[in-house]
Every structure is written in C-alpha cells, then in structure tokens.
Amino acid sequence: YEVNLRSCKPCDKGTFSGAGSATCLTCIPGKTSNPGAPNCFDCEAGRSRNADQAECEPCVAGKQSKGGEPSCTECLKGRYQPDSDKGFCRLADPGYFVKEKGQTKQEPCAQGEFSSGSSNTRCTKCERGKYDNRFESNDYTTIAQCDENDRSAKKDKC
C-alpha cells in the first residue's frame, strides 16, 4: 500500500510495497504482482515482462520464455514454435529442418535429401546410387540403396 496524505491506497499491478513502506516499488523485469500485493512473483512460462510493462505479456510465435524472464527469446536454429504463449520451442522432426532462428514452422527436406535425429538445421543430399524412399514408405529420415531395377524405374532418383 502507498501512503496518501490521509489514507493508504493499494499498489497497482506490477508494483509492490512491503510492510511499513510508504511507497510502491516496481517489480523487476520478469516478475509482476497483483494490485495491493506485498511482493512480486515470476511471470508464467510462455510470458515475459520488461521494465515498461505492468503485466506479463505472452510470447509471440517463434519465441519462448521459461518464466520469470524479462523478455521472450527467439527459438534457436533447429527449433520452432508455431503458437504464442509457450514456454518452449519444438525440435525439428526427422525429415525436416529449421534453418534460421525465431521460426514458426519446420520445413520438409527436398526430394533427394534426408535428415535424421531431431533439431536439424539442414538436410543432407543422398549419395550417388541412393535415394530417399519417403514416397514408398512415408519415411523422411532414411535413404535406400538403388539396385538395377531401381536405376531403370527411378532414373530421376538414382
């Protein structure tokens, strides 16, 4: 509460006052408070608060906050986040990649390329004599060896 000449009034949202204090203090970045609160608390995961804000604001798509942070951070290469208000970025799936920071979607590998594992930042071209078999097995993560029959049937791949 803040002391006025005749009475005390509750501190605003984003500020606090300890017992016996005559003024309201602003919560540090990454924290907020309810009106009239005696202390501040961390912003929830997926939200942040900088010094110019009274409330914790949701992170936009392509960014994350684990909570209690003064700002949302961009998703790293190999990660993405399509939704707002999230505390984490998703890892790129096998067969996909995320080339730049702050992305909202992952991109599939092109035909003749593959990626395995997760958090891929690029795809790898298939070696000569091999091809990606996603259209036959719906598997974007592996390559198959071409045999004599494949060379004639899949000239564009082998």
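Look a little higher up for the structure.
Read on for an overview of the structure. Computed from a predicted structure; not experimentally measured.

The next point concerns the overall build of the protein. When helices and strands are counted, the protein shows two helices and 18 strands. In the protein, which comprises 158 residues, the share counted as buried stands at 29%. Residue pairs at least 24 apart in sequence account for 27% of intrachain contacts in the protein once pairs closer than 6 positions are excluded. Put simply, the protein shows about 9700 Å² of open surface, and 47% of that area lies on carbon and sulfur atoms.

Not every positive phi belongs to a glycine, and Asp85 is a case in point at roughly 65°. Within the secondary structure layout, Asp85 lies in the loop between strand E11 (79–80) and strand E12 (90–91). Positive phi values are uncommon outside glycine, yet Ser119 reaches one of about 65°. Relative to the assigned elements, Ser119 resides in the loop between strand E15 (113–114) and strand E16 (124–125). Classification of Ser119 as partly exposed rests on a relative accessible area of 28%.

Let us now look at the pattern of salt bridges. Taken as a whole and assessed by the stated rule, the structure comprises four salt bridges. In this structure, the salt-bridge partner of Asp83 is Arg90, at a minimum N-O distance of 3.5 Å. The class for Arg90 is partly exposed, based on a relative accessible area of 34%.

This next bit is on the state of the cysteines. Counting across every chain of the model gives six disulfides. Here Cys43 pairs with Cys56 through a disulfide, and the sulfurs are 2.0 Å apart. Given an S-S torsion of about -80°, the disulfide between Cys43 and Cys56 has left-handed geometry. Here Cys43 is found in the loop between strand E6 (41–42) and strand E7 (47–48), whereas its partner Cys56 is found in the loop between E7 and strand E8 (57–58), with 13 residues between them in sequence. Each member of the pair Cys43 and Cys56 is classed as buried. In this model, Cys109 is linked to Cys123 through a disulfide, with the two sulfur atoms separated by 2.0 Å. For the disulfide bridge between Cys109 and Cys123, the dihedral angle about the S-S bond is near -80°, and by the sign convention the bridge is left-handed. Within this pair, whereas Cys109 is found in the loop between strand E14 (107–108) and E15, its partner Cys123 is found in the loop between E15 and E16, the two being separated by 14 residues in sequence.

Conventions we followed
- Residues numbered from 1 in each chain as written.
- Predicted model: local features only at pLDDT ≥ 70, side-chain atom pairs only at ≥ 80, totals over all residues.
- Heavy atoms only, no water.
- Helix = DSSP H or I, 4+ residues; strand = E, 2+ residues; numbered from the N terminus.
- Buried < 20%, exposed > 50% of the residue type's maximum accessible area, 1.4 Å probe, protein only.
- Contact = heavy atoms within 4.5 Å.
- Areas by Shrake-Rupley, 256 points an atom, 1.4 Å probe, with all protein chains shown as cover.
- Salt bridge = Lys/Arg side-chain N within 4 Å of Asp/Glu carboxyl O.
- Disulfide = S-S within 2.5 Å.

Spatial relationships are all this shows, so hold off on functional conclusions.
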